[in-house]
Amino acid sequence: NAHEDDPVRAIRTAMKIHEIVSDISPEFEGRIGKPIAMHTGINSGLVVTGKLSSEEEALQVAGDSVNVASRLSGLARSGEIIVGEATYHQAKGYFVFGACDPARLKGKTQPVTPYRLIEEKATFERTKGLASQSISSSIVGRDAEFVAMKGCVNRLLDGQGGILSIIGEAGLG
């Protein structure tokens, strides 16, 4: 099932895996002569899942999002978590990131801007000032609803309260 906070969940899971690997590294360092560490790439987007060939028993995932995540993992240094632009935009209220230099990734015609995870924020932060927030994705076939929603926001900016309810399936956006 999809969740609205899947990018945040993915980053927190990666952080926990990095912590566990760091904790057990001394034990393995004694055995193999060097420390072990994680490096992770996380990307958000559509994927195809299923048995990708008749010989395979296990389910697999494929698609551009998976390929970009793999390339981002390759950019990450030991102990780092690197995320793609979509993941960054969905999780920036929860985490502090540093923008990396745009990177040319195999299979992409345009450079991609990766973001390096720095830390989790103590509290969720919304964009400062409601007036600075805007809807950036297109809304198709919902002109009347969009006008009603903009009216609610404008009334709020004028100091009038109200209730606006938007309902959709998890993962819808």
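What you see is a predicted model, and the numbers here were worked out from it, not measured in a lab.

*Asks:* What exactly am I supposed to notice about the overall build of the chain here?
*Replies:* From N to C terminus, the chain includes four helices and six strands. Helices and strands in the chain line up, N terminus first, as α-β-β-β-α-β-α-β-β-α. Relative to its 173 residues, the chain shows a buried fraction of 24%. Within the chain, residue pairs in contact and separated by at least 24 positions form 57% of the contacts whose partners lie at least 6 positions apart. Split by element, the accessible area of the chain, about 12,500 Å² in all, is 53% carbon and sulfur.

*Asks:* Hey, could you run me through the pairing of strand β6 (residues 115-120) in this one?
*Replies:* A regular strand places its side chains so that they alternate between the two faces of the sheet. As paired strands, strand β4 (residues 81-83) and β6 are joined by two bridges and run antiparallel to one another. If you follow V83 over to β6, its bridge partner there is Y115. As defined by bridge partners, strand β5 (residues 95-99) adjoins β6 across five bridges and the pair is classed as antiparallel. Along β6, the bridge assignment pairs A99 with Y115.

*Asks:* What exactly am I supposed to notice about helix α4 (residues 143-157) here?
*Replies:* Residues separated by three or four positions in an α-helix point in the same direction, a consequence of the helix having 3.6 residues per turn. Counted at 1.5 Å a residue, the expected span for α4 with its 15 residues is 21 Å, and the 21 Å between its end C-alpha atoms agrees. Looking one or two residues beyond α4, the residue adopting positive phi is G159, at roughly 95 degrees.

*Asks:* Any chance you could explain the pattern of salt bridges here in plain terms?
*Replies:* Overall, the coordinates contain seven salt bridges when judged by the stated rule. One salt bridge in this structure joins E27 and R31, with 2.7 Å as the shortest N-O distance. Note that E27 and R31 are positioned in helix α1 (residues 6-32) at a spacing of four residues, about one turn of the helix. By relative accessible area, R31 is classed as exposed at 59%. As a salt-bridge pair, R116 and E80 come within 2.6 Å of each other at their nearest N and O atoms.

*Asks:* For this particular structure, what's the right way to read the environment of R9?
*Replies:* Following the sequence through the fold, R9 ends up in helix α1. Judged by relative accessible area, R9 falls into the partly exposed class, the value being 41%. Separated by 82 residues in sequence, R9 and A91 place their C-alpha atoms 9.4 Å apart.

*Asks:* What is the right way to read the environment of K51 from this model?
*Replies:* Note on placement: K51 falls in the loop between β2 (48-50) and β3 (60-62). On a C-alpha basis, the gap between K51 and V61 in space is 8.6 Å, while along the polypeptide they are ten residues apart. Among all residues touching K51, those that are not within four sequence positions of it are E56, E57, A58 and L59.

Procedures and definitions
- Residues numbered from 1 in each chain as written.
- Predicted model: local features only at pLDDT ≥ 70, side-chain atom pairs only at ≥ 80, totals over all residues.
- Heavy atoms only, no water.
- Helix = DSSP H or I, 4+ residues; strand = E, 2+ residues; numbered from the N terminus.
- Buried < 20%, exposed > 50% of the residue type's maximum accessible area, 1.4 Å probe, protein only.
- Contact = heavy atoms within 4.5 Å.
- Areas by Shrake-Rupley, 256 points an atom, 1.4 Å probe, with all protein chains shown as cover.
- Pairing = 2+ DSSP bridges.
- Expected span 1.5 Å × (residues − 1).
- Salt bridge = Lys/Arg side-chain N within 4 Å of Asp/Glu carboxyl O.

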